[in-house]
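# Structural overview
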Number of protein chains: 2
Amino acid sequence: VITRAECEERDAADPLAHLRERFLLPPGVIYLDGNSLGALPAGVPERIRITVEEQWGKGLIRSWNDAGWVDLPRRVGDRIAGLVGARPGTVVACDSTSINLFKSVEAALTLAPDRRVILTDSGNFPTDLYVMAGVAARHGMEVRSPAPEEVAGSIDGEVAMVALTQVDYRTGRLHDLPEITALAHAAGALSVWDLAHSAGVMPIDLEAAGVDLAVGCGYKYLNGGPGAPAFLYVAPRHLERFHNPIQGWFGHVAPFEFRPDFEAAPGVDRARVGTPHLLSLAALDAALDAFDDVDLREVRVKSVDLTELFLALVDERLDGMGFTVASPRAPSRRGSQVSLRHPEGYAIVQALIERGVIGDFRAPDLCRFGFSPPYLRFVDVWDAVDELVEVMANEVWRDGRHRVRSAVT
Amino acid sequence: VITRAECEERDAADPLAHLRERFLLPPGVIYLDGNSLGALPAGVPERIRITVEEQWGKGLIRSWNDAGWVDLPRRVGDRIAGLVGARPGTVVACDSTSINLFKSVEAALTLAPDRRVILTDSGNFPTDLYVMAGVAARHGMEVRSPAPEEVAGSIDGEVAMVALTQVDYRTGRLHDLPEITALAHAAGALSVWDLAHSAGVMPIDLEAAGVDLAVGCGYKYLNGGPGAPAFLYVAPRHLERFHNPIQGWFGHVAPFEFRPDFEAAPGVDRARVGTPHLLSLAALDAALDAFDDVDLREVRVKSVDLTELFLALVDERLDGMGFTVASPRAPSRRGSQVSLRHPEGYAIVQALIERGVIGDFRAPDLCRFGFSPPYLRFVDVWDAVDELVEVMANEVWRDGRHRVRSAVT
């Protein structure tokens, strides 16, 4: 039997325990939804106040230069590069993940012009599937989306691009990024990775794996705030030929010379389009301070420990209550998330939220629990399962059953 | 001779004078660059504080529903609709102007599939030209860009789309939106308007003019902050056939049902793509409070009065100092901006900024002065010209001559 006291001991011994102070967490909440919207890093409110009141309010237009606004997408990109195994100058923070994926998938037209197939998997996040379908329809290409486990066997000489999300948003299943990238290359295809559910919560080495293009989300494990700008990585070898389908002035070699003809910036700035959303971008920049001096290998170790503990407690205390584990059991095949299926999943998640344990629900029956190692403790995991036991034992979930379904969770 | 006292009297009689209190303006600054980045509206800091500290920090993921984040792009869009003569449900606030223009120009493929020419003018803002060139190159279309005054005569039966910016960013020249729209329609072409330099500073009636599509900027006269989300208008008659080339989940009919296949939202939400940049969007929403109970016809009257006063003072006090007026003299052909050409323009603008009069410079010789009626006074115009006289008379501008050219201004 796993006791709460044991969890307290693990927290006391946790080398990352001090990172929790880098976040402003509301009292009475156990937050297991950092895979959807990361918690508020401590430095963000003051950074945003300065950006709004000092830089915008007092500096006005001068802040584009004086406060370094104009280069912020690249500077934030360089910070993210350090978290995903990319060198400076290959990542830019801008736009949304969907828009950056659009740019990346369209790049197949110029980087792999002789092939017409985009290979993804059926479990990919819907926006990824929508973007690919849109590009394919527009350019006479074909999208193939076998089951995730069949992707490796589906890479053939017709494939222009293998475009996958590393961690499945529903189950937390983790694709083998280096292996699939190698298979893609062996077949002469490009590899594009969506790191939305993996960046910031595990070591990623894009350059070592030889990944061609990657995108990711600023507001999940990177904690950049609601709708934080996303990022886009272009391998150095493709920078010269990477053609941004949306040719905007911030992707121009000299935006402020206002030339009539487009000439793409030489580096990854060519992936930019319009004026950066500065307030959202400044929040992301400040949020990344939470990663200062953090070794993502240690984050991954704790991530595995947290999810293993959660699964052990589920096995021990929720047996016979109708749950099945939807996530891979092997930690090496799992991101920082555990999902449980239950026919009353929606009502259960609502009842948990009511008690301060915030996970989320995905139809038809999936209860998702995300574990963000910088601000979660082992006792949080124990307490969360304890609340879940309570919700099940006393059928508290019946209270949540008839609650109106809300848009997001 | 126009005296400062006369300007004070005009301020005392100005029915919009009270609007200045709706902004936080730094002391010692006369801000003539609201056409580039609008000043900080008074309600923004607190709104942003609430969004960051309360909604994100404490509400966390729940705020997508509880704080109404999910619908904010459309609610802000409806507020902007009221400023540009559009009905609710036809405008959405999202992404950047460049990206929204990309969506709009690509729409020619589905709304005017039999024609291959995009007609613009050579004075259009560079990002507009870049976006059109990119779309044209990708789809085998042709961009024609005659001089602005030759546009009307260039609309023929080959033109799919007439895509113009209403107010020229350099000179302030104002296109006749209703007339050109009517000419486009008479030739069977679509009309697309970029309202970046006109929205919020003059009455616009998109619906009365029958405009097909329009885009605009959130951070100029709408004062939404650096990189505020832009907006996009789709005429009700096109909503069903408007096809967003970037198919993302927020443009889906049911984003939170996570269906594998894309089905566009029935209304203008189909123009959305990814997760809204909430902090930037919340600032824009709060900024629009400055337009509560404001009649844009009165704003336009004051705008004309301010620019006429500026020109009269330039004529009176800067004669023989090497300036030429680059803006149209007739107020009906001019936006809320006056531009002066001078061979030492860069140094002159720098010297003015040094003295607290903030305009900006566009190569090779253009000094731009924008007049945002809600926060500018007639005495500000008088004082600005007085400083300009000083800068010229004592050759103070020589101080600014060797200053390093900065990126933006």
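Only a predicted model underlies this, so the values are computations on that prediction, with no experimental measurement involved. (Residues numbered from 1 in each chain as written. Chains lettered and ligands numbered in written order. Predicted model: local features only at pLDDT ≥ 70, side-chain atom pairs only at ≥ 80, totals over all residues. Heavy atoms only, no water.)

### Quick notes on the overall build of chain A
Assigned secondary structure in chain A consists of 14 helices and 15 strands. Here the C-alpha atoms of chain A give a radius of gyration of 22 Å, agreeing with the 22 Å that 2.2 N^0.38 yields for 409 residues. Dimensions of chain A, computed from the C-alpha atoms along their principal axes, are close to 70 × 55 × 40 Å. Per-residue burial over chain A gives 66% buried out of 409 residues. Within chain A, residue pairs in contact and separated by at least 24 positions form 72% of the contacts whose partners lie at least 6 positions apart. Element-wise, carbon and sulfur atoms account for 49% of the exposed surface of chain A, whose accessible area totals about 13,600 Å². Looking at chain A, you have 41 positive and 57 negative side-chain charges, and the mean spots of the two groups are 3 Å apart. (Helix = DSSP H or I, 4+ residues; strand = E, 2+ residues; numbered from the N terminus. Rg over C-alpha atoms; globule rule 2.2 N^0.38 Å. Buried < 20%, exposed > 50% of the residue type's maximum accessible area, 1.4 Å probe, protein only. Contact = heavy atoms within 4.5 Å. Areas by Shrake-Rupley, 256 points an atom, 1.4 Å probe, with all protein chains shown as cover. Lys, Arg positive; Asp, Glu negative; His and termini not counted. Charge placed at Lys NZ, Arg CZ, Asp CG, Glu CD.)

### So, the relation of the copies chain B and chain A
Mapping chain B onto chain A is achieved by rotating through 180° and translating by 0.0 Å along the same axis, at an RMSD of 0.0 Å. Expressed as a symmetry operation, the mapping of one chain copy onto the other fits a two-fold axis. Looking at the interface residues of chain B, 100% of them are also at the interface in chain A, so both copies use one shared face. (Least-squares fit on C-alpha atoms with pLDDT ≥ 70 in both.)

### Topic: the environment of Arg-173 of chain B
Residues and elements named next belong to chain B. By the element assignment, Arg-173 lies in the loop between strand E7 (159-165) and helix H8 (177-186). Sequence separation between Arg-173 and Asp-194 is 21 residues, and the spatial gap between their C-alpha atoms is 14 Å. When neighbours within four sequence positions are excluded, Arg-173 is seen to be in contact with Asp-121, Pro-148, Gln-166, Val-167, Asp-168, Pro-328 and Arg-333.

### Remarks on the sheet that holds strand E5 (residues 117-119) of chain A
All names here are of chain A. Across the sheet, seven strands lie side by side as E4-E10-E9-E8-E7-E5-E6; this open sheet has mixed pairing. Each edge of the open sheet carries a strand with a single partner, namely strand E4 (91-93) and strand E6 (142-144). Along the sheet, successive strands turn relative to each other by an average axial angle of 20°, direction set aside. One ladder, built from three bridges, connects E5 with E6; its direction is parallel. What sits directly across from Ile-118, in E6, is Val-143. (Pairing = 2+ DSSP bridges. Axes fitted to C-alpha atoms, helices over the stretch in contact; angles between N-to-C directions.)

### A short note on the packing of aromatic side chains
Under the definition given, this model contains 35 aromatic pairs over all chains. Ring pairing ties together the aromatic residues Trp-64, Trp-69, Trp-249, Phe-250, Phe-256 and Phe-258 of chain A together with Phe-125 and Tyr-169 of chain B, which thus form one cluster. The ring of Trp-382 of chain A has Arg-317 of chain A lying over it, and the distance from NZ or CZ to the ring centre is 5.1 Å. (Phe/Tyr/Trp six-rings, centres within 6.5 Å; stacked < 30°, edge-to-face > 60°. Lys NZ or Arg CZ within 6 Å of the ring centre and 35° of its normal.)

### Focus: the packing of helix H11 (residues 296-317) of chain A against helix H13 (residues 378-393) of chain A
Describing two packed helices takes the angle between their axes plus the distance from one axis to the other. Residues and elements named next belong to chain A. Where H11 contacts H13, the axes come no closer than 10 Å and their chain directions differ by 25°. Put simply, H11 runs roughly parallel to H13. The handedness of the crossing between H11 and H13 is right-handed. Residues Lys-302, Asp-305, Leu-306, Leu-309, Phe-310, Leu-313 and Arg-317 of H11 form the contact with H13, whose own contacting residues are Phe-378, Val-381, Trp-382, Val-385, Asp-386 and Val-389. The residue inventory of the contact of H11 with H13, partitioned by class, reads nine nonpolar, no polar and four charged. (Parallel < 35°, antiparallel > 145°, perpendicular 65-115°, else oblique. Left-handed = near helix turned anticlockwise from the far one by under 90°. Nonpolar A, V, L, I, M, F, W, Y, C, P; charged D, E, K, R; others polar.)

### Some remarks on the packing of helix H1 (residues 4-13) of chain A against H13 of chain A
Residues and elements named next belong to chain A. Their axes nearest at 7 Å, the elements H1 and H13 cross at an angle of 155°. Viewed along their axes, H1 and H13 adopt a mutual orientation that is roughly antiparallel. On the side of H1, the interface is formed by Arg-4, Cys-7, Glu-8, Arg-10 and Asp-11, while H13 contributes Phe-378, Val-379, Trp-382 and Asp-383. A breakdown of the residues in the contact of H1 with H13 according to their chemical character gives four nonpolar, no polar and five charged.

### Brief notes about the interface of chain B and chain A
The accessible area lost on association of the parts is a frequent measure of interface size. On the chain A side, the residues contacting the 81 residues of chain B number 81 residues. The contact between chain B and chain A buries some 6,900 Å² in all, and 71% of this surface belongs to carbon and sulfur atoms. Sorting the residues of chain B by area buried against chain A places Trp-56, Tyr-130 and Arg-138 of chain B first, and these three jointly supply 12% of that buried surface. Between the two partners, chain B and chain A, sit 25 residue pairs in polar contact (both at pLDDT 80 or more). Elements represented by at least two residues in the side of chain B that touches chain A include exactly strand E3 (40-41), helix H2 (44-59), helix H3 (63-66), helix H5 (97-106), helix H7 (126-139) and helix H10 (278-287) of chain B. A total of nine residues in the side of chain B that touches chain A trace back to one element, the largest contributor, which is H7 of chain B. Taken together, the residues of the side of chain B that touches chain A break down into 48 nonpolar, 23 polar and ten charged. (Buried area = accessible area lost by both parts, 1.4 Å probe. Polar contact = N/O pair within 3.5 Å; in protein donor to acceptor, adjacent residues only side chain to side chain.)

### A short note on the sheet that holds strand E9 (residues 213-216) of chain B
Residues and elements named next belong to chain B. Here we have seven strands laid out as an open sheet, ordered E4-E10-E9-E8-E7-E5-E6, and mixed in their pairing. Pairing within the sheet leaves two strands with one partner each, and these edge strands are strand E4 (91-93) and strand E6 (142-144). Each strand axis lies, on average, 20° off the axis of its neighbour in the sheet, ignoring direction. Here E9 pairs with strand E10 (residues 231-234) via four bridges, running antiparallel. Pairing of Gly-216 across the sheet is with Phe-231, part of E10.

### Focus: the pairing of E7 of chain B
Residue and element names in this part refer to chain B. Counting buried residues in E7 gives seven out of seven residues, a clear majority hidden from the surface. Pairing analysis gives three bridges linking strand E5 (residues 117-119) to E7, with the strands arranged parallel. Opposite Val-117, over in E7, you have Val-159 as the bridge partner. Pairing of E7 with strand E8 (residues 190-194) involves five bridges; the strand directions are parallel. Note on E8: the bridge partner recorded for Thr-165 is Asp-194. Once you follow E7 into H8 and on to E8, the crossover reads as right-handed. (Right-handed = clockwise from strand over helix to strand, strands pointing away.)

### Some details on the side chain of Asp-168 of chain A
Residue and element names in this part refer to chain A. Position of Asp-168 relative to the elements: it lies in the loop between strand E7 (159-165) and helix H8 (177-186). Here Arg-170 takes part through its backbone nitrogen, which lies 2.6 Å from a polar atom of the side chain of Asp-168. Those residues in contact with Asp-168 that lie beyond four places of it in its chain are Gly-123, Arg-173 and Gln-337.

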